[in-house]
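Here is how the chains run, residue by residue.
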Amino acid sequence: MPQIFPLRELCFPDSSWMIWEITENEAYFNQIPDSWKITLPSNHALELKRLESLAARFCLWQLVKNQIGHELVLVKSSNNRPFFQDSDWKLSISHSYPYVAAAISKQKNIGIDLEKKTRNIQKVAPRFLSTTELEWSEMDSKKLLAAWTVKEAIYKAQHQAGLDFRKEISFDCQFPLQKGHVQVDQKSTDFDIWHEEFPQFGISLAIRN
């Protein structure tokens, strides 16, 4: 069964998510509404990238059908971020072939990020972790995977381009990670965060308070 995790209610109210391992071809995932397909990468994009994007939207479509019960209008922002037009429902998707994930939440911004364990996060850790966070991580692979996906999830939930991951996105240094923050100028935004590790990848969610 390619579905790794079924429709699942999260500990966050009015939120749910789905993870999928791609073993099917593109035709299988074409069950999404035709109107959603205009948000996919162009036909000139790499075949794998388009398949990932299609599969992630397939998961999103399952969530909409089962949790909301009627079709929503999916569009893209100027920086290619998909969102539901004229709706209280927020969304986030992530993919790292062959795994994809989608999450939805009512009213509160949500971010999801999935990363395979094969990525060499130790190499890039000083670029996205503060000095305090680096010391906390002890360059441990589990902590680094959680830190990377958590910061990516927060970035997605914040909806603010150009954030400095090392200086402006942070988390409380306790494991498992549960609280995250964005500090820009004098404005601070808090997030509830959650992380889970699977045999081949880690995944994190962030809900904006």
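Because the structure is a prediction, the values reported are computed rather than measured.

Notes on the overall build of the chain
Moving on, step 1. Helix and strand content of the chain: four helices and eleven strands.
Moving on, step 2. Against the compact-globule benchmark of 17 Å for 209 residues, the chain has a radius of gyration of 17 Å, which places it among compact chains.
Moving on, step 3. Across its three principal directions, the C-alpha atoms of the chain cover 50 × 35 × 35 Å.
Moving on, step 4. For the chain, with 209 residues in total, the buried portion stands at 52%.
Moving on, step 5. The contacts of the chain with a sequence gap of at least 6 include a subset with a gap of at least 24, amounting to 53%.
Moving on, step 6. Split by element, the accessible area of the chain, about 10,500 Å² in all, is 46% carbon and sulfur.
Moving on, step 7. The chain carries 25 positive and 26 negative side-chain charges, and their two centres are separated by 3 Å.

Here's the deal with the pairing of strand 2 (residues 15-21)
Moving on, step 1. By the criterion of burial, strand 2 is predominantly enclosed, with six of the seven residues buried.
Moving on, step 2. Here strand 2 pairs with strand 6 (residues 99-106) via seven bridges, running antiparallel. By the bridge assignment for strand 6, Glu21 is matched with Tyr99.

What about the sheet that holds strand 8 (residues 169-171)?
Moving on, step 1. Strand order in the open sheet formed by five strands is 7-11-10-9-8, with antiparallel pairing between adjacent strands. Looking at the sheet topology across the chains shown, the edges are occupied by strand 7 (110-116) and strand 8. The sheet shows a mean angle of 25° between the axes of neighbouring strands, direction not considered.
Moving on, step 2. Pairing geometry for strand 8 and strand 9 (residues 179-184), over three bridges, is antiparallel. Each residue of the ladder has a partner; that of Ile169, found in strand 9, is Val182.
Moving on, step 3. Of the strands in this sheet, strand 7, strand 8, strand 9, strand 10 (187-197) and strand 11 (201-208) touch helix 4 (residues 141-158), which is tilted by about 145° from strand 7.

A few points about the packing of helix 2 (residues 121-128) against helix 4
Moving on, step 1. Look at helix 2 against helix 4: their axes get within 10 Å of each other, and the N-to-C directions meet at 50°. With respect to each other, helix 2 and helix 4 are oriented oblique. Handedness of the helix 2/helix 4 crossing: left-handed. Between helix 2 and helix 4, the contacting residues are Ile121, Gln122, Ala125 and Phe128 on the first element and Ser141, Leu144, Leu145, Ala147, Trp148 and Lys151 on the second.
Moving on, step 2. Looking at side-chain class alone, the contact of helix 2 with helix 4 contains seven nonpolar, two polar and one charged residues.

Looking at the packing of aromatic side chains
Moving on, step 1. In total, this model carries 16 aromatic pairs according to the counting rule given.
Moving on, step 2. Ring geometry for Tyr99 against Phe201: centres 4.7 Å apart, planes inclined by 40°, an arrangement best described as tilted. One end of the pair, Tyr99, is in strand 6; the other, Phe201, is in strand 11, and 102 residues separate them in sequence.
Moving on, step 3. Tyr99 gets classed as buried once you look at its relative accessible area, which sits at 9%.
Moving on, step 4. Judged by centre distance (6.4 Å) and plane angle (35°), the rings of Trp148 and Phe165 are tilted. Of this pair, Trp148 sits in helix 4 while Phe165 is found in the loop between helix 4 and strand 8, placing the two residues 17 residues apart along the sequence. As far as burial versus exposure is concerned, Trp148 and Phe165 are alike and both buried.
Moving on, step 5. Put simply, the rings of Trp20, Tyr28, Phe29 and Phe58 touch in pairs and so form one group of aromatic residues.

As for the confidence of the model for the chain
As a general rule, the predicted coordinates of low-pLDDT regions are not to be interpreted in detail.
Moving on, step 1. Put simply, the chain has an average pLDDT of 93, and 95% of its residues get 70 or more.
Moving on, step 2. Highest mean pLDDT in the chain belongs to strand 8 (98); lowest belongs to strand 1 (residues 3-9) (60).

A closer look at helix 1 (residues 47-68)
Each turn of an α-helix holds 3.6 residues, which means side chains three or four residues apart point in the same direction.
Moving on, step 1. With 22 residues, helix 1 extends 31 Å between its outermost C-alpha atoms, agreeing within 8% with the 32 Å of an ideal straight helix rising 1.5 Å per residue.
Moving on, step 2. Buried residues dominate helix 1, accounting for 16 of its 22 residues.

What counts, and at which threshold
- For every chain, the first residue of the written sequence is number 1, and numbering continues from 1 along that sequence.
- Per-residue local features are limited, in this predicted model, to residues with pLDDT of at least 70; the limit for side-chain atom pairs, both in listing and counting, is 80 or more; totals at the level of whole chains, interfaces and linings are taken over all residues.
- Here the side-chain values reflect all heavy atoms present in the structure, with hydrogen atoms and water set aside.
- A helix here means a DSSP run of H or I that spans at least four residues, while a strand means a run of E at least two residues long, and both kinds are numbered starting from the N terminus.
- C-alpha atoms define the radius of gyration in this analysis, and the globule rule sets the expected value at 2.2 Å times the number of residues to the power 0.38.
- A 1.4 Å probe rolled over the protein chains alone gives each residue an accessible area, and that area as a share of the maximum for its type sets the label: buried under 20%, exposed over 50%, partly exposed in between.
- Here a residue-residue contact requires only that any non-hydrogen atoms of the pair lie within 4.5 Å.
- For the accessible areas, the method is Shrake-Rupley and the probe is 1.4 Å, while residue cover comes only from the protein chains on display.
- Residues counted as positive are Lys and Arg, residues counted as negative are Asp and Glu, and His and the chain ends are not counted.
- Charge positions are represented by NZ for Lys, CZ for Arg, CG for Asp and CD for Glu.
- Strands pair, by our definition, only if DSSP identifies at least two bridges between them.
- Helix axes are fitted only over the stretch in contact, all axes being lines through C-alpha atoms; the angle between N-to-C directions runs from 0 to 180 degrees.
- Note on angle classes: values under 35 degrees are labelled roughly parallel, values over 145 roughly antiparallel, values of 65 to 115 roughly perpendicular, and the remainder oblique.
- In this scheme the crossing of two helices becomes right-handed for a clockwise turn of the near helix relative to the far one and left-handed for an anticlockwise turn of less than a right angle.
- Ten residues, namely Ala, Val, Leu, Ile, Met, Phe, Trp, Tyr, Cys and Pro, are considered nonpolar, four, namely Asp, Glu, Lys and Arg, are considered charged, and the remaining ones, Gly among them, are considered polar.
- Centres within 6.5 Å are what make two rings of Phe, Tyr or Trp a pair, Trp counting through its six-membered ring; a difference in plane orientation under 30 degrees is then read as stacked, over 60 as edge-to-face, and the rest as tilted.
- Looking at any residue, its pLDDT shows the predictor's confidence there, from 0 to 100.
- Given a helix with a known number of residues, its expected span is that number minus one, times 1.5 Å.

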